[in-house]
Each structure stands twice: as structure tokens, then as C-alpha cells.
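An overview of the molecular structure
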Amino acid sequence: MPDQTTITREVGGAPVPGSEELLRDTLKRCSPETLTAALEYRVSGEVSLVPTIVLGIVERFLDPDVASKLQSGDDSIQFMEDLGMDSLTMIEAIMMVEEALGVSIKNDELMNLRSVGDLKEFINDKILGLSSEETKEFFPVDQVASIMPQQVPFLFLEQATLEGRSAIGRYPISGQEAFLEGHFKGNPVFPASIMLEALGQLAVFLLLKKPPQEIESAIDSSEIYFTGVDGVRCHRICKPGDVLDMKIQVKRVREPIAIFSGTITVNGEKAVVAEEITLAFKAETSPADLNGNGSDPASQVNGENGSSVHL
Amino acid sequence: MERKRVFITGLGVVSSIGNDTAILVESLRNLKHGFKAFPPYHPYKDDPAALVKWISAPSDFEVDSTDFEDWKYPSRYKIRREVLRGFAPHGLYTYCAMKQALEDAALEEEDISNYETGIYTSSGGSPRLLCNNMERMREIGATRCSPTGIVSAIAGTLSFNLVANFKILGNSCGFSSACASSGHALGYAYDDVSLGRQSRMFVAAGEDVNFESVIPFTGMRALSLEVDPTRASCPFDEKRNGFVCAGGGAALVLENEDEVERRGSTPYAELVGWGQSSDGHNVAISHPEGSGLIRALSNAFRSAGIEAGEVDYINAHATSTLIGDASEGKALDKIFTSQGYRPKVSSTKAITGHGLSLASALEATIVSLAMKEGFTPGSAHIQNLDPQFEKLNIIRETETTAPKLAISNSSGFGGANVTLVFRGV
């Protein structure tokens, strides 16, 4: 196969940055809609075109069998875990996004772009020039485990992303959890109580890693207790192989109590909603304060039994 | 310390004279070259006398584009995008050769990926991808260059890719001694198996064959500019004037005697030893008396525990250059002719062209096949034998008997010489 490139080389020349030619070349393997949207975006700067462009670029790297996942429209879909992209493919995709949208993404920003939602939101903010002060920060399993008071086999949080007063987290149900043997016999169903525990753990992680501004003193990680949960509905049975996508949001904080709302989805499908999850915590303070605090978390722990869990 | 015997139990090849061993054997029996026309190139388009006319490139592979997603290759290979993106053109050739060799040796996944199995590779890297990356980097910035730009292009690319893709857990290293590279890879792989450091080693070698990998050799006037392909590569001929550049990939499986017995495989040949030496003479020209090669030959015989008189076939390095062929001829005269020995000699580069880092692995493949399939490849394209080689028993046609004890020579830039010794089983 004789080398044809020798013929074109003398007239070809290198691509010009920002040129339409380079854009067309960059997006040549994306869907026609993606290219059309990108060309239109160059002219109009219309932000509503961004999701089409970004998803079109991501899709171009996917095997056909996972591409359909992307079309489900679920923003919690993670590039690596759900779509099988590795970090190099992420870089390839990001390069195309940069070229298509005329933005530039720094390495540390790239690290925090885990999901389709992250990427869409991030690009949107970039384009609108929103330098959101509340940047996202991602924590992989080892960092989560190093902070949490809960440990294996009672840690139900594999990764977490913190942003302002909310957090998202993930727990894949492996099927190896010991309690599944008895819940239930021959029919492993992830207990609703443990799903609430998982949401509670995500809230604990937020309290410890990025406490809301109302809390002035440092929190003692060995003194955080689950005290209550209200307005709970379970919508879906979760089984081994399901990945719990959790989200919690700070509702109110007044030392020593913090109240969160929380949801769990699986593949974008609603699994659990909890209107109020209450945690009691203790400030890491001098011994003098130990007696002065009015709350007794232990008495409230019993409240968990009274919560309205419906399965 | 007791040494293990080392056998060649699997072969794979992607070359201009065959993309599998069966076709390779056919081409060798018929001495059919695999040269393809190289299109006229800037700035010599209107000056045919200055143009290289022929290259030796594998058929059924279209890998000229700098974008791997444009590449075409035989449909029997199913390669995922994540695998392909790390490859240079020769990465693809060699990956396919590896697939063949593993299948040929009937190795299971657990035979390939374990602590006792390693891989040595050789290639000169990919000047094309390197050039393309540099150009792109200068024009639009480093962060807009492919993240696999380095691992696909620099020397060592074969090791990075093959180790990762075949989940190799044992020894691995890339060898870079120009045209002796895969000779060194085979030699050290032999040592590892023989010394019990590994029970199995793969040796994989490859080269690109495109404008950036080929044409620089015209700068040192090493390539033949002949119009007739049979004149463009004619080792030992009095009119030889340079070589035809070859690309492709070759892969060999080396296993110790215990593994051969355990798996019940029938080896192609036994690798019984090797030797090397350096000329210490010139950066690009071999020693005129072949002094380095003489020592490599002697070292190889000592390693294999054989005498020169036992050798019945020599697969010569001879690339069809004036000085190189002459130097090797002097070394062979000294070691064999002067002792009264007349083993058969041929250079298969007459039909394969010169594969540079690939050459020694390709020729080891050829010798292994000759031993198992029962032939001795001839030295093609000789119209008038250069009188200085008259004392050598250079065979012009392929003979239908297998060599029993064969050697293969390779010499590279800087005067690196390697001789490998094979015995029929």
C-alpha cells in the first residue's frame, strides 16, 4: 500500500487554530447534528446548543451498546464507571469540547468532571462566565474511607463529590454484603434501612469535609449520630449490581443538629426519597464544654425506629 | 547452574511476502518478492533518478493516515478503539503478528499472563507519528495533541502497548540497536528462558514503512533507486546499490523444555545459543573486515556449544549494500571458508527487503519455518554474483531440504552484531 500522504503533505499544511477547517476535522466522526450544532454555536454562541455538542462528542467515543445509556438523558451517568471511558478517552473528549466550544479546561477541573451532569453544568458555567466559587470537589473511595468514622463492612459510600451545601455520592451494591444472605433468603434485596444509612453517611462526609458555614467549630468525627429521618418513601427494590446514586442537600443547621434532604436514584430511576435526615454532632472543643451541651444524641438515636419507612 | 533448553513454539508474521506463515512459506519457496511502488514525492517528483521507487509493505493494511481511526486492516482482527489508539502503524502490524503467534502456540490466557512469561520488543519508534505530533503541538498547542501521542510514537511503543494489551506480568523491555534490535531481543529472551528467569518469552518486532521512516535513509545513500524491483534488492550481486526498506511485524514464542513437554507442543526449532559483539568502528558503516561479526559468530558458537563445521545454513544479514555485504562476506570467509566449510548461504532480504529493527525477528521466523516445513530459502535476484563472494556457497533457488543447524546474522548502526543459532527438532 503505497504511501499516499507523501502527495498531500506538500500542500496540506498544519491546521490553523480556531479555523472552521480544524473544527470540521475535529468533529469529523461525530454525528452530523453535533457538527451542525457546533458550527451554529460558533456563529450564535447560543448556550442551548451546548448539550447537543457535548453529548455528541462523548457519544462518538462509545461502543454502540453503551451509547444508548447516554441517550437516556440521565445526568448522573458517569463517564468512567457507566460508559467505560478511561481517563485518556476523557482527555480526547475534553480536547474536542475545548475546540468545539472555544473553552479551556484545566487539569484539576477535569478531575472533577465525573458525570454527564458535571460536564454539562461545568461547560455552561464556563460559557456564561460564571466563575462559580462553589467549585466541585471529587473524592475517590480511599479518601472517603480515610475521613469517615464508618468503615468496611459498614461503609456504604464509595465516592463523593461536594459542591456548596450539597453532595452526591455513589454506592454500587456488590452482592458481597454479608447481610444480603439473610435479607432475604434466596432473594438478596438491599435493605431500605441501609439505604437511609448510606444517605446518612454521605451527610456525615459533607459535615466532616466541608461543614456548612453555620458551624463554627470543628466537628469531632467520632461523635456524629443518626438521630432521625422523616418523610421517607421507597420506590424501587435495589439488588446486587444496582448502583445507588445519592444526593443530599443541607436544609438547616443549628449546632448540634444538621438536617438534610436526600434522594437515591438507580440508572436515573427514583429509588428513595427522604425529606429530612437528621444528624447530631459534637464540636471538637475543650473539656469544659463537654457538660455544657444540652443535647443528648443517644436519646434521639432511638428515634430511627419511629421513622416512617415504607417498603 | 543447569540451563534449560529453549524452543520456538509459535510464530506470527505481517510482511510484504505474507500476512501469515503459510503465505510466507509459499513466497519463500517461490522466491517471490513483496515490493510495492512508492509514489513520487516532493521535491524530487520531476527527478526520477533521485526517487526511491520501492518499499516492502504488508498488503491488506492501510495505515498511512496519522489518524488511527482511518486505518483499515484484515477483518479477522477485532481491535477496540482504546487498544488501537496507542499504536503506531507498526504497533498494529505487530499486534496482529502477536495474535497469530499466540494462537499458533495454542496458548491459553493463563499461559500468557503470569509472572513467568515476559516479552521483549524492538522497533525504531514511529517517525511519522512523532513528526505529526510535533507539528500539531507547535501549531495548536500541546494540550490539543492526542494523549497517546507519546506512547504511540517513541521507541519503546511496542513494549508499552503489547505489555498492556496482552496483560504481560513477567519481564519486559524494548531493544534499540537499529538493525540488530530484534537479534538482541531474541538473544536476551533466550538468556531469560535458558537461565530459568522466565519459562516463556515473547519476542515481537515491527517497523513502520512510510515516507518518514523510509526516505531519511536516502540521506545516507543507503536505499536503492533502481526501477526494476529485482535489481533494487539483490544481495551479493555485483550491481547491488542499496536496500529496499521494509515494514511489518513478527512475533515468536520461546518456551523452555518443561513447558513444551507440559503443553505437548511441537516446536519449530530449538534456539541453542547466541553471540554478540561491537565493531567500535563507525557510526553507520560496518567494519570493512567484518571484525565485529567474526567475534559475534565465535561467541554464538561458544554459547551454543557447536563448531563452525556443524552449521549447514546461514541466513545472512546482507541487505544489498556495497559495503555491508562485503563486510559480512569477509567474516563468513574467515569463519567458514578458510576452515574448509561450505554451509549454504542466502539473504532472504532479496525478497523481504530490509526490515531494520524487525529484520532479525523476521529472519528467525523464516529459519524456524524452514526447519519445520523442510526447505532452505534461496538468495534471489542475483544476476551476476560479485566475485568476492565466489567462495561462499550462496544458493540461488530455494532447496527442499531443511537445515539442521542454522545461524542468522544481524548487524546494526554503530557496528552492533548479533548471531543466533537454531537447531532443527
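Residues numbered from 1 in each chain as written. Chains lettered and ligands numbered in written order. Predicted model: local features only at pLDDT ≥ 70, side-chain atom pairs only at ≥ 80, totals over all residues.

Another aspect to go through is the overall build of chain A. From N to C terminus, chain A includes 11 helices and 7 strands. By the burial criterion, 32% of the 311 residues in chain A qualify as buried. Contacts in chain A between residues at least 24 apart in sequence constitute 65% of all its contacts with a sequence separation of at least 6. (Helix = DSSP H or I, 4+ residues; strand = E, 2+ residues; numbered from the N terminus. Buried ≥ 20, exposed ≤ 12 C-beta atoms within 10 Å, placed from the backbone. Contact = placed C-beta atoms within 7 Å.)

Below, the discussion takes up the sheet that holds strand β13 (residues 405–412) of chain B. All names here are of chain B. Taken in spatial order, the 11 strands of this open sheet run β5-β4-β6-β8-β1-β9-β14-β13-β10-β11-β12, and their pairing is mixed. The open sheet has two edge strands with one neighbour each: β5 (172–175) and β12 (393–394). Relative to strand β9 (residues 269–278), strand β1 (residues 6–14) runs antiparallel, the two being bridged by 3 bridges. Each bridged residue has a counterpart across the sheet, and for F7 the counterpart in β9 is E270. Helix α11 (residues 291–304) contacts β9, β13 and β14 (416–424) of the sheet and is inclined by roughly 140° relative to β9. (Pairing = 2+ DSSP bridges. Axes fitted to C-alpha atoms, helices over the stretch in contact; angles between N-to-C directions.)

Residue and element names in this part refer to chain B. A sheet is described by the order of its strands in space; here 3 strands give the open sequence β2-β3-β7, paired in mixed fashion. The open sheet terminates on both sides in strands that have one partner only, identified here as β2 (35–37) and β7 (245–246). For strand β3 (residues 54–56) and β7, the ladder comprises 2 bridges, and the chain directions are parallel. Residue pairing for β7: I55 is matched across the bridge by C245.

Turning to the nonpolar core, a few remarks are in order. A general tendency of soluble globular proteins is for nonpolar side chains to be buried together. Counting residues in each nonpolar core, the largest one holds 120 residues, and the members touching the most others are A97, M98, V203, A204, L252, L254 and L420 of chain B. In this structure, L420 of chain B is in contact with G183, L186, G187, L271, W274, A300, A364, I407 and S408 of chain B, ignoring residues within four places of it in sequence. Counting 44 residues, the second largest nonpolar core, distinct from the first, contains L162, I219, V229 and V266 of chain A. (Core = buried A, V, L, I, M, F, W, Y, C linked by C-beta atoms within 7 Å.)

Packed helices, taken two at a time, are described by their axes: the angle between them and the distance between them. All names here are of chain B. It is the contact of helix α3 (residues 89–104) with helix α6 (residues 157–165), at a shortest axis distance of 10 Å, that shows an interaxial angle of 40°. By the angle between their axes, α3 is oblique relative to α6. The handedness of the crossing between α3 and α6 comes out as right-handed. Between α3, through G91, T94, Y95 and M98, and α6, the contact on the second element is made entirely by T157, L158, N161, L162 and N165. (Parallel < 35°, antiparallel > 145°, perpendicular 65-115°, else oblique. Left-handed = near helix turned anticlockwise from the far one by under 90°.)

Right, let's talk about the confidence of the model for chain A for a bit. All names here are of chain A. A residue-level look at chain A finds 85% of positions with pLDDT of 70 or above and a mean pLDDT of 84. Of all the helices and strands in chain A, helix α11 (residues 297–301) carries the lowest mean pLDDT, 39, while helix α10 (residues 192–209) carries the highest, 95. Note on residues 7–12: pLDDT is under 50 here. Beyond four places in sequence and across chains, it has 3 contacts. Within the model, pLDDT remains below 50 along residues 286–311, and this stretch shows 31 contacts once partners closer than five positions in the same chain are excluded. (pLDDT = per-residue confidence, 0-100.)

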